[in-house]
Amino acid sequence: MTEPVTVEVGTMGRVAYARIAPNEDLVQGVEKLCLAHGFRNAFVRGALGSLVDACLGTRDGKFIQIKGPAVEIVSLAGEVRSDVDGSITASLSGVVADTNGDVYGGPFVAGSNTVCMTFEVTIEEWLPSEKSIAA
Amino acid sequence: MTAALSTLRPRPRTLIHPGRFNPVRIQSLHSANGRHVRLALMPGTSLFDGLVTPLAELGIRNASTTILGGYFQQLHYCVAPPDPTGKAVIAYTKPIDAGSAFMIFGNATIGTDMKGKPLVHCHAALRCQDGRVKGGHILTDTCLVGPDPIHVLVTSLEGFELRQAFDPETNIPLLQPYQEPFYD
């Protein structure tokens, strides 16, 4: 699904819940959760947990690092999409709170957000209709 | 200052936890589908009761929820700095009073505690009564819904359960998915 699709029609499918363990990466953890259950496209339905440190990306390619432990994930939205190259990619963004409760937001950088104690996530499978895939 | 901007991607840290490493890093289960419910947390009820009671009446004891924005009469939260006792990597602070706060966005997981009672694990971003924007772990039993209902999107987890169980690696009890039923 490399071509942009303005409107993609589909239905929701299976629902998976995971507890992701310490020192695993947040973004790739969600991708591996999809692999574990055979989801090819999915939306995050709910997520909370903590990170050792948080790493958020900026528009100009820089990185905002929020030092923990622990940095709490207080809001998270995102999706997982499959690509024609045989990979799946989770794009997650959210708000985190540091050990003073101060908040920061942005896109989570894959490979740089390790779970501190636990990360709970519920994802719902997205099944695009054949028509949308063809478009 | 806990935030820093850099041009180089920071190297993630791998923390040492007090207990034995569990080789299973992703504990997960799925069901064929989930039920969706739009719930209203009614004025004056606690966040805990407002979530748990109406969902139990629908037979939903395991769910993932998104709490949409709304005012609370009172709201308490805590944060998670390093544990000075060393028993775990981090420990929650004492409750912090946010006053009559606005919850900007929250996520709550509903499951069962170690005694078989309902458990709600909630994190949220909020605007405190004094105007500061904060975030953390929400103490759902002492948070009271304000004058207007607050709406919640619920995705139920069917065919498996979330139960709090002691996690030897982190040395704290955590919600984990289980296939077998707790209830008859």
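Residues numbered from 1 in each chain as written. Chains lettered and ligands numbered in written order. Predicted model: local features only at pLDDT ≥ 70, side-chain atom pairs only at ≥ 80, totals over all residues. Heavy atoms only, no water.

For chain B, the name recorded in an unreviewed UniProt entry is DUF296 domain-containing protein, with Oryzicola mucosus as its organism.

An unreviewed UniProt entry annotates chain A as DNA-binding protein originating from Oryzicola mucosus.

Participant: Give me the pattern of salt bridges: which residues, what numbers.
Facilitator: For the coordinates displayed, the defined rule picks out 12 salt bridges over all chains. Note that A:Glu124 and A:Arg45 form a salt bridge whose closest N and O atoms lie 2.5 Å from each other. Of this pair, A:Glu124 sits in strand S8 (residues 115–128) while A:Arg45 is found in strand S2 (residues 42–51), placing the two residues 79 residues apart along the sequence. In this structure, A:Asp60 engages A:Lys62 in a salt bridge whose closest nitrogen and oxygen atoms are separated by 3.1 Å. Bridged by salt links that share partners, the residues A:Glu24, B:Arg25 and B:Glu169 form one connected network. (Salt bridge = Lys/Arg side-chain N within 4 Å of Asp/Glu carboxyl O. Helix = DSSP H or I, 4+ residues; strand = E, 2+ residues; numbered from the N terminus.)

Participant: Let's hear about the pairing of S2(A): which residues, and what values?
Facilitator: Residues and elements named next belong to chain A. Of all 10 residues in S2, eight are buried; the element is thus mostly enclosed. For S2 and strand S5 (residues 71–82), the ladder comprises five bridges, and the chain directions are antiparallel. The residue bridging Leu 51 from the neighbouring strand is Val 71, located in S5. Pairing analysis gives eight bridges linking S2 to S8, with the strands arranged antiparallel. When the sheet's bridge partners are listed, Phe 43 is paired in S8 with Glu 124. (Buried < 20%, exposed > 50% of the residue type's maximum accessible area, 1.4 Å probe, protein only. Pairing = 2+ DSSP bridges.)

Participant: Can you explain the state of the cysteines? Please cite residues and give values.
Facilitator: Applying the stated criterion across every chain yields a total of zero disulfides over all chains. Here A:Cys55 is not cross-linked by a disulfide; its sulfur's nearest cysteine counterpart is in A:Cys116, at 16 Å. You can call A:Cys55 buried: its relative accessible area is 1%. Free cysteine B:Cys78: the closest other cysteine sulfur is in B:Cys143, separated by 10 Å. (Disulfide = S-S within 2.5 Å.)

Participant: Talk me through the interface of chain A and chain B; I want residue IDs and the actual numbers.
Facilitator: Chain A puts 60 residues into the contact, and the matching count from chain B is 63 residues. Between chain A and chain B lies a buried interface of about 5100 Å² when both sides are counted; carbon and sulfur atoms form 57% of it. Summed over the three residues of chain A that lose the most area to chain B, namely A:Tyr17, A:Arg19 and A:Met117, the buried surface amounts to 15% of that side. Viewed at the interface, chain B and chain A are joined by four salt bridges. Mapped by element, the contributors of at least two residues to the side of chain A that touches chain B are strand S1 (10–20), helix H1 (26–37), S2, strand S4 (63–66), S5, strand S7 (103–107) and S8 of chain A. Broken down by element, the residue count for the side of chain A that touches chain B peaks at eight residues, all from S1(A). (Contact = heavy atoms within 4.5 Å. Buried area = accessible area lost by both parts, 1.4 Å probe.)

Participant: Quick one: what's the story with the UniProt feature "domain: PPC" (unreviewed entry) in chain B, residue by residue and with numbers?
Facilitator: As annotated in UniProt, the feature "domain: PPC" (unreviewed entry) corresponds to residues 31–178 of chain B in the numbering used here. Counted over residues 31–178 of chain B, helix gives 7% and strand 49%. Its end C-alpha atoms are 12 Å apart. (UniProt positions renumbered as here; feature names shortened; annotations may be inferred.)

Participant: Can you tell me about H1(A), naming the residues and giving the values?
Facilitator: Compared with the 16 Å implied by 1.5 Å per residue over 12 residues, the 17 Å span of H1(A) between its first and last C-alpha is a close match. Where the residues of H1(A) are buried, they touch S1, S2, S5, strand S6 (88–97) and S8 of chain A together with strand S2 (26–31) of chain B. For H1(A), the side-chain oxygen to backbone nitrogen distance between the N-cap and A:Val27 is 3.2 Å, and the N-cap itself is A:Asp25. One or two steps after H1(A), the chain reaches A:Gly38, where phi turns positive at roughly 75°. (Expected span 1.5 Å × (residues − 1). Polar contact = N/O pair within 3.5 Å; in protein donor to acceptor, adjacent residues only side chain to side chain.)

Participant: If you had to explain the packing of aromatic side chains to someone new, which residues and values would you point to?
Facilitator: Aromatic ring pairs are described here by two measures, namely the spacing of the ring centres and the angle between the planes. Within this structure, the stated rule accounts for two aromatic pairs over all chains. Pairing A:Phe43 with A:Trp126 gives two aromatic rings, centres 5.6 Å apart and planes at 65°, and the pair type is edge-to-face. Of this pair, A:Phe43 sits in strand S2 while A:Trp126 sits in strand S8, and the two are 83 residues apart along the sequence. Relative accessible area serves as the criterion here: at 30%, A:Phe43 is assigned to the partly exposed category. Taking the relative accessible area as the measure of exposure, A:Trp126 reaches 12% and is therefore buried. Centre to centre, the rings of B:Tyr71 and B:Phe102 are 4.7 Å apart; their planes meet at 65°, and the pair counts as edge-to-face. Here B:Tyr71 is found in strand S5 (residues 70–74), whereas its partner B:Phe102 is found in strand S8 (residues 102–112), with 31 residues between them in sequence. Overall, the relative accessible area of 22% leaves B:Phe102 in the partly exposed class. In this structure, B:Arg163 packs its charged tip against the face of B:Tyr178, placed 4.4 Å from the ring centre. (Phe/Tyr/Trp six-rings, centres within 6.5 Å; stacked < 30°, edge-to-face > 60°. Lys NZ or Arg CZ within 6 Å of the ring centre and 35° of its normal.)

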